[in-house]
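One letter stands for each residue in the lines below.
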Amino acid sequence: MRSLSAPRSAEIRGPAHAVVQRWLVGLRWAAFALLAITLPVGEHLFGFHVRYDIALPVIALAAIVNVIAARVLRRAGANEAGPRTIAAFVAFDLVAIGIVLAASGGAANPFSALFLVHIALAAAVLPATTTFALSALAVAVFAGLFAVPAGSCCAAHARDGSFSAHLYGMWMAFVMCAGLVAFFVTRIRRALEAREAE
């Protein structure tokens, strides 16, 4: 008999993990295709100094990983797909996105909002501890973008002043948003699981 209490963790098993991994494959295609498109956009529209020699190999690596992931998913049984694999995919994506952003404007790149998509996905399917760990990774990667030299961003903006304050404000807003998304989505998911169990 199933317990009427909420599950301790959101360990989706069997075919559900395969479904989630298929969504991750699709998300990776969309996210990195978008990043590839934004490279020339950021260069010409925002004046970013884009390091194509860094960004393009990372995007190509993400594509290779995605092809391998799709093949493994097709060959493996549904029970082979697990939360650790999903968490590893999300962590890889967060780091890869961070590298591409570092090579195309750093903290000034507005497409850092892509981090939140992966945090929301993690919160929807992974245990709370794993979700908050991935959120902390995203926050750390975003913070690392501030280590990119000012000249790598765009000559139109000064090294200090109001623009720098705005960027730090964006990082603080991201920290709060990431925490809120991780907290509320996991709580909502737990409430739905408890209701389903009842």
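Residues numbered from 1 in each chain as written. Predicted model: local features only at pLDDT ≥ 70, side-chain atom pairs only at ≥ 80, totals over all residues. Heavy atoms only, no water.

Let us look at the overall build of the protein chain. Across its full length, the protein chain carries six helices and zero strands. Shown N-terminal to C-terminal, the secondary structure of the protein chain runs as helices and strands in the order α-α-α-α-α-α. Scored against the burial criterion, the 198 residues of the protein chain give a buried share of 39%. Considering only contacts within the protein chain whose residues lie at least 6 apart along the sequence, 85% involve residues at least 24 apart. (Helix = DSSP H or I, 4+ residues; strand = E, 2+ residues; numbered from the N terminus. Buried < 20%, exposed > 50% of the residue type's maximum accessible area, 1.4 Å probe, protein only. Contact = heavy atoms within 4.5 Å.)

The next subject is the nonpolar core. Counting 41 residues, the largest nonpolar core has Phe 32 and Phe 115 as the members making the most contacts within it. Among the elements of the structure, helix H1 (15–45), helix H2 (52–75), helix H3 (83–102), helix H4 (114–125), helix H5 (128–144) and helix H6 (162–197) are those that each provide at least two residues to this core. The biggest single contributor to this core is H3, with nine residues. If we ignore the near neighbours within four places in the chain, the residues touching Phe 32 are Ile 59, Ala 62, Asp 93, Ala 96 and Ile 97. (Core = buried A, V, L, I, M, F, W, Y, C linked by side-chain atoms within 4.5 Å.)

The next point concerns the packing of H3 against H5. Taken N-terminus to C-terminus, the directions of H3 and H5 make an angle of 10 degrees; their axes are 9 Å apart at the nearest point. One element, H3, and the other, H5, form an angle in the roughly parallel class. Side by side, H3 and H5 meet where Ala 87, Val 90, Ala 91, Leu 94, Val 95 and Gly 98 of the first sit next to Thr 130, Leu 134, Leu 137, Ala 138 and Val 141 of the second. Within the contact of H3 with H5, the residues separate by chemical class into nine nonpolar, two polar and no charged. (Axes fitted to C-alpha atoms, helices over the stretch in contact; angles between N-to-C directions. Parallel < 35°, antiparallel > 145°, perpendicular 65-115°, else oblique. Nonpolar A, V, L, I, M, F, W, Y, C, P; charged D, E, K, R; others polar.)

Moving on to the confidence of the model for the protein chain. In this model, the protein chain carries an average pLDDT of 76, and 70% of its residues clear a pLDDT of 70 or more. Taken element by element, the protein chain is modelled with least confidence in H6, mean pLDDT 68, and with most confidence in H5, mean pLDDT 91. When the criterion is pLDDT under 50, residues 1–12 qualifies, and its contacts beyond four places in sequence or with other chains add up to 20 contacts. (pLDDT = per-residue confidence, 0-100.)

Looking now at the pattern of salt bridges. Counted according to the given criterion, the structure contains two salt bridges. Arg 28 is paired through a salt bridge with Asp 93; the nearest N and O atoms lie 2.7 Å apart. Here Asp 93 lies in helix H3 and Arg 28 lies in helix H1, a separation of 65 residues in the sequence. Look at Arg 28 and you get buried, because its relative accessible area is 1%. What makes Asp 93 buried here is its relative accessible area of 0%. (Salt bridge = Lys/Arg side-chain N within 4 Å of Asp/Glu carboxyl O.)

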